[in-house]
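# Reading the structure
For reference, the chains in residue letters:
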Protein chains: 4
Amino acid sequence: MAIKKTSKEEILNKAINLFKTQGFNHTSMANIADECGLIKGSIYHHFKNKDEIGLEALKYISEYFDKNIFSIKDETLLTKEKLKKIVKKTDEYFLNSNGGCLLANLATEVSNQNEAYKTVIIDYFKTWEDCLAKILEEKYPKNEAQDLAYEYICSLQGSIIMFNLTNNKKRLLKIGKNLLTKV
Amino acid sequence: MAIKKTSKEEILNKAINLFKTQGFNHTSMANIADECGLIKGSIYHHFKNKDEIGLEALKYISEYFDKNIFSIKDETLLTKEKLKKIVKKTDEYFLNSNGGCLLANLATEVSNQNEAYKTVIIDYFKTWEDCLAKILEEKYPKNEAQDLAYEYICSLQGSIIMFNLTNNKKRLLKIGKNLLTKV
Amino acid sequence: MAIKKTSKEEILNKAINLFKTQGFNHTSMANIADECGLIKGSIYHHFKNKDEIGLEALKYISEYFDKNIFSIKDETLLTKEKLKKIVKKTDEYFLNSNGGCLLANLATEVSNQNEAYKTVIIDYFKTWEDCLAKILEEKYPKNEAQDLAYEYICSLQGSIIMFNLTNNKKRLLKIGKNLLTKV
Amino acid sequence: MAIKKTSKEEILNKAINLFKTQGFNHTSMANIADECGLIKGSIYHHFKNKDEIGLEALKYISEYFDKNIFSIKDETLLTKEKLKKIVKKTDEYFLNSNGGCLLANLATEVSNQNEAYKTVIIDYFKTWEDCLAKILEEKYPKNEAQDLAYEYICSLQGSIIMFNLTNNKKRLLKIGKNLLTKV
DNA sequence: GATGAATGAGCGTTCATTCAT
DNA sequence: TATGAATGAACGCTCATTCAT
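In this text, all values refer to a predicted model and were calculated from it rather than measured experimentally.

Okay, the overall build of chain A next. On a plain count of helices and strands, chain A comes out with nine helices and zero strands. Over its C-alpha atoms, taken along the principal directions, chain A stretches across nearly 60 × 35 × 30 Å. For chain A, with 183 residues in total, the buried portion stands at 51%. Within chain A, counting contacts between residues at least 6 apart in sequence, those at least 24 apart form 64% of the total. Of the accessible surface of chain A, which amounts to about 8,800 Å², a share of 51% is contributed by carbon and sulfur atoms. Side chains of chain A carry 28 positive and 24 negative charges; the gap between the two charge centres is 5 Å.

Shown next as structure tokens:
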């Protein structure tokens, strides 16, 4: 025994998948452990408790967006090209994200009971909005840019819920296309 | 003993509130019973099991929308007036609905594991979309009307998630206003 | 199922026995349940948690002493007779109390971590001391009476520890005899 | 790696403190390791298992008493002086012993389940009693000397329990003073 | 219809212990 | 020797559910 069988990141990835498809409260430590080929007690070698897994899961995804998507706003591209790139990467992410957006899911399922979660989630959506607004400001006044950004994120989040129910890809992609018509 | 202390509807209402604010899986039969002044065993005189409460909760809300909001489409009013009335009632409902939209919440939390839930939820959103589309068709071609309806519902659902996080009423109301500019 | 199989008092008595012979921390809810012919979850119908069982166990014994032993101080008997009666009942109790004095045991095992326990335990020993002191005051000045009472209780408690190790009844009884030579 | 960070004796001392203040069963291997700046697995390089730590802890204290206190009986001093010296050292030990007498504590908490522990504990108290009896025999007949020794130890042990509850030093010291009045 | 007592499975967590590195 | 990762059993506790009263 005592051979290294897993890593913090692997556990996190398996947990994220389970949280998205089964919900946070319906995912047990045993479920996560199973998925990693461990027994549930072993998870505690890597995480203090279940809440910590949830919090680190939220931060993990949040950081993924920061690094891979939101950072595009600072690239030297034409307005339209920047937005196109962001929309493309965002669409790709959610089309392949079985179970939707973890941040939004946990916003509805647990953020009422967990202030630390709530803070990360609010921060994620604010950063997203600011990222898009900054690009849109190249063509729109500040307020309008912010509103457009907000409305896009809302429609996308609503659309992800619908995509989960109906699996209609076209409709999901339409939200991004709509945004691109604005620049 | 054997005094009637409660009704099915009362239990349902208390359960709906708990499901919305705490999530379905995090709400126990004991929580629901407590809220009704009963002990948990007594709930089973009214509902077969917890899943039935969830299902009837979804249907209860769905029927509320059918009767009180979606039916407006058949009233004899000008296009704009009809839409105005629907938006007003919808906004009122969600502004006062602590914890957001139960249908959308359960769509993310449990619909993956419960086909009966999923069916009701899909039907609810379809009916909603058709209701709006029917009105918008008075001014738009069929496809466009359907798209506008879908996009409004998506933005509203996304906006409800944000409202739950930030409590910003103005932004929630903006979604409806946006729709009304379209007619 | 659902037939009444036990009572709060029965659970308490079984728990007391286990706490005394195995220690509080080494007695599991499953141990207590086993002893009562229940499964561990069922215990929670009668007690909120394990700490409550411990606290009620302490109070239960404390009240037994109040009612059956300490109350003797108010009976209309000669000083010597009162003391004799108390010593006799006390000796009987501890000779048949497998595992010693729960109050003293929990004083060493858990009172450091549980203020509520500590309070009950301190109160028990104070009441005991005051009871004996009141009787001894009939023959001794106040201070001396209090000291004699205290020393008796200490020797008895020490003696109970030894009795648990060696099972020497005579030595346990000697402590009471000693006290009686004082009046 | 493989640097010597600790010694058996250091672990033992930390463990003794924890056993006395938290109880044996409530002290985990991780608690002990923490206190030593190790991780729990490392403890097993020094001790076979937790029971061995407990047993060696008991022996360690027992030997301390043998060497530093019980040995006084063989010094060339007047009876009263010998007793005085023993009482002084004993009082000092227990006044500074956070959590009381480990031997007595484990006598109540675990000796019922562990014969090896029980043997060491019984032996400790027997040696103590014999030590005092031998000195008292210089002034008293054998039986009486043994009884006085036994009663002193019992009162002291009971008094240590009370000291832990009330922190009243004076009362603890009174037990020793009492003994000294006897010679 | 309501209650109180029970059940068995499962929860998140901690435990003592093992062992390759 | 020390470490980090693992194990399996047990912990206290909660769950949805059942049913005689």
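Residue and element names in this part refer to chain A. Applying the stated criterion across every chain yields a total of 40 salt bridges over all chains. Between Lys-73 and Asp-74 there is a salt bridge; the shortest N-O distance is 3.4 Å. Overall, Lys-73 belongs to the partly exposed group, its relative accessible area being 23%.

The two copies are related by a screw motion: chain B maps onto chain A through a turn of 180 degrees and a shift of 0.0 Å along the axis, at an RMSD of 0.1 Å. The transformation relating the two chain copies, once decomposed into turn and shift, fits a two-fold axis. Taking C-alpha positions as the reference, the residue of chain B nearest the rotation axis is Ser-155 of chain B, at 1.9 Å. Counting the interface residues of chain B, we find that 100% of their copies in chain A are interface residues as well, pointing to one common contact surface.

Taken together, the 37 residues of chain D in the interface contact 38 residues of chain C. On the chain D side of the interface with chain C, the three residues burying the most area are Tyr-150, Leu-165 and Arg-171 of chain D, jointly 20% of the side's total. When the shortest N-O distance is used, the salt bridge between Glu-151 of chain C and Lys-174 of chain D registers 3.5 Å. On the surface where chain D and chain C come into contact, there are eleven residue pairs in polar contact (both at pLDDT 80 or more). Sorting elements by how many residues they give to the side of chain D that touches chain C places helix α8 (residues 142-166) of chain D first, with 14 residues.

Okay, helix α6 (residues 102-109) of chain D next. Burial analysis of α6 of chain D places eight of its eight residues in the buried class, the great majority of the element. If you check which residues of α6 of chain D are buried, you get Leu-102, Leu-103, Ala-104, Asn-105, Leu-106, Ala-107, Thr-108 and Glu-109 of chain D.

Here the focus is the environment of Tyr-64 of chain B. Residue and element names in this part refer to chain B. Summarising the element assignment, Tyr-64 is placed in helix α4 (residues 50-68). Judged by its relative accessible area of 36%, Tyr-64 falls in the partly exposed class. As for Tyr-64 and His-45, which are separated by 19 residues in sequence, their C-alpha atoms are 24 Å apart. Setting aside residues up to four positions removed in sequence, Tyr-64 forms contacts with Ile-69 and Tyr-93.

In this structure's numbering, the residues bearing the UniProt feature "domain: HTH tetR-type" (unreviewed entry) are residues 5-65 of chain A. For residues 5-65 of chain A, the helix share is 70%, the strand share is 0%, and the end-to-end C-alpha distance is 28 Å.

A separate point is the state of the cysteines. Tallied over the entire structure, the rule returns zero disulfides over all chains. Between Cys-131 of chain C, a cysteine without a disulfide, and Cys-101 of chain C, which holds the nearest cysteine sulfur, the sulfur-to-sulfur distance is 15 Å. Judged by its relative accessible area of 1%, Cys-131 of chain C falls in the buried class. Between Cys-154 of chain D, a cysteine without a disulfide, and Cys-154 of chain C, which holds the nearest cysteine sulfur, the sulfur-to-sulfur distance is 11 Å.

Before going further, it helps to spend a moment on the interface of chain B and chain A. Accessible area lost on assembly of the parts is the figure often given for the size of an interface. Chain B puts 37 residues into the contact, and the matching count from chain A is 38 residues. Taken over both partners, the interface formed by chain B and chain A buries close to 3,300 Å², and the fraction arising from carbon and sulfur atoms is 57%. Looking at the side of chain B facing chain A, the largest losses of area belong to Tyr-150, Leu-165 and Arg-171 of chain B, adding up to 21% of the total buried there. Counting across the interface, chain B meets chain A through six salt bridges. Considering each element in turn, the side of chain B that touches chain A owes the most residues, 14 residues, to helix α8 (residues 142-166) of chain B. Broken down by class, the residue content of the side of chain B that touches chain A amounts to twelve nonpolar, 17 polar and eight charged.

Rotating chain D by 180 degrees about the axis while translating it 0.0 Å along that axis superimposes it on chain C, leaving an RMSD of 0.1 Å. Most of the interface of chain D is mirrored in chain C: 100% of its interface residues are interface residues there too.

With that settled, consider the packing of helix α9 (residues 169-180) of chain C against α8 of chain D. The N-to-C vectors of α9 of chain C and α8 of chain D enclose an angle of 90 degrees; their axes lie 12 Å apart at closest approach. In terms of their interaxial angle, α9 of chain C and α8 of chain D are classed as roughly perpendicular. Between α9 of chain C, through Arg-171, Leu-172, Lys-174, Ile-175 and Asn-178 of chain C, and α8 of chain D, the contact on the second element is made entirely by Gln-146, Asp-147, Tyr-150 and Glu-151 of chain D. When its residues are assigned to classes, the contact of α9 of chain C with α8 of chain D shows three nonpolar, two polar and four charged.

All names here are of chain C. Using the criterion set out here, one finds 64 aromatic pairs over all chains in the structure. With a centroid separation of 6.2 Å and an interplanar angle of 45 degrees, the aromatic rings of Phe-70 and Tyr-124 are classed as tilted. Of this pair, Phe-70 sits in the loop between α4 (50-68) and α5 (79-95) while Tyr-124 sits in helix α7 (residues 115-136), and the two are 54 residues apart along the sequence. This pair shows no difference in class: Phe-70 is buried, exactly as Tyr-124 is.

All names here are of chain C. In this model, helix α8 (residues 142-166) (25 residues) spans 36 Å end to end at C-alpha, consistent with the 36 Å of a helix rising 1.5 Å per residue. Taken across its 25 residues, α8 has 19 buried, putting it largely inside the fold. Looking one or two places after α8, you find Asn-167, whose phi comes out positive at around 65 degrees.

The UniProt feature table records "DNA-binding region" (unreviewed entry) at residues 28-47 of chain A. For the annotated span residues 28-47 of chain A, helix accounts for 60% and strand for 0% of the residues, and the straight-line distance between the end C-alpha atoms is 14 Å.

It is worth spelling out the environment of Glu-92 of chain B at this point. Residues and elements named next belong to chain B. Along the chain, Glu-92 falls in helix α5 (residues 79-95). Judged by its relative accessible area of 39%, Glu-92 falls in the partly exposed class. The spacing of Glu-92 and Leu-173 is 81 residues in sequence and 9.4 Å in space, taken between C-alpha atoms.

Below, the discussion takes up the side chain of Lys-118 of chain C. Looking at where Lys-118 of chain C falls in the secondary structure, it is placed in helix α7. No salt bridge is formed by the buried Lys-118 of chain C; its nearest oppositely charged neighbour, Glu-115 of chain C, is found at 4.5 Å. In this structure Lys-118 of chain C touches Ser-111 of chain C together with Asn-164 and Leu-165 of chain D, once residues within four positions along its chain are discounted.

The rules we used
Residues numbered from 1 in each chain as written. Chains lettered and ligands numbered in written order. Predicted model: local features only at pLDDT ≥ 70, side-chain atom pairs only at ≥ 80, totals over all residues. Heavy atoms only, no water. Helix = DSSP H or I, 4+ residues; strand = E, 2+ residues; numbered from the N terminus. Buried < 20%, exposed > 50% of the residue type's maximum accessible area, 1.4 Å probe, protein only. Contact = heavy atoms within 4.5 Å. Areas by Shrake-Rupley, 256 points an atom, 1.4 Å probe, with all protein chains shown as cover. Lys, Arg positive; Asp, Glu negative; His and termini not counted. Charge placed at Lys NZ, Arg CZ, Asp CG, Glu CD. Salt bridge = Lys/Arg side-chain N within 4 Å of Asp/Glu carboxyl O. Least-squares fit on C-alpha atoms with pLDDT ≥ 70 in both. Buried area = accessible area lost by both parts, 1.4 Å probe. Polar contact = N/O pair within 3.5 Å; in protein donor to acceptor, adjacent residues only side chain to side chain. UniProt positions renumbered as here; feature names shortened; annotations may be inferred. Disulfide = S-S within 2.5 Å. Nonpolar A, V, L, I, M, F, W, Y, C, P; charged D, E, K, R; others polar. Axes fitted to C-alpha atoms, helices over the stretch in contact; angles between N-to-C directions. Parallel < 35°, antiparallel > 145°, perpendicular 65-115°, else oblique. Phe/Tyr/Trp six-rings, centres within 6.5 Å; stacked < 30°, edge-to-face > 60°. Expected span 1.5 Å × (residues − 1).

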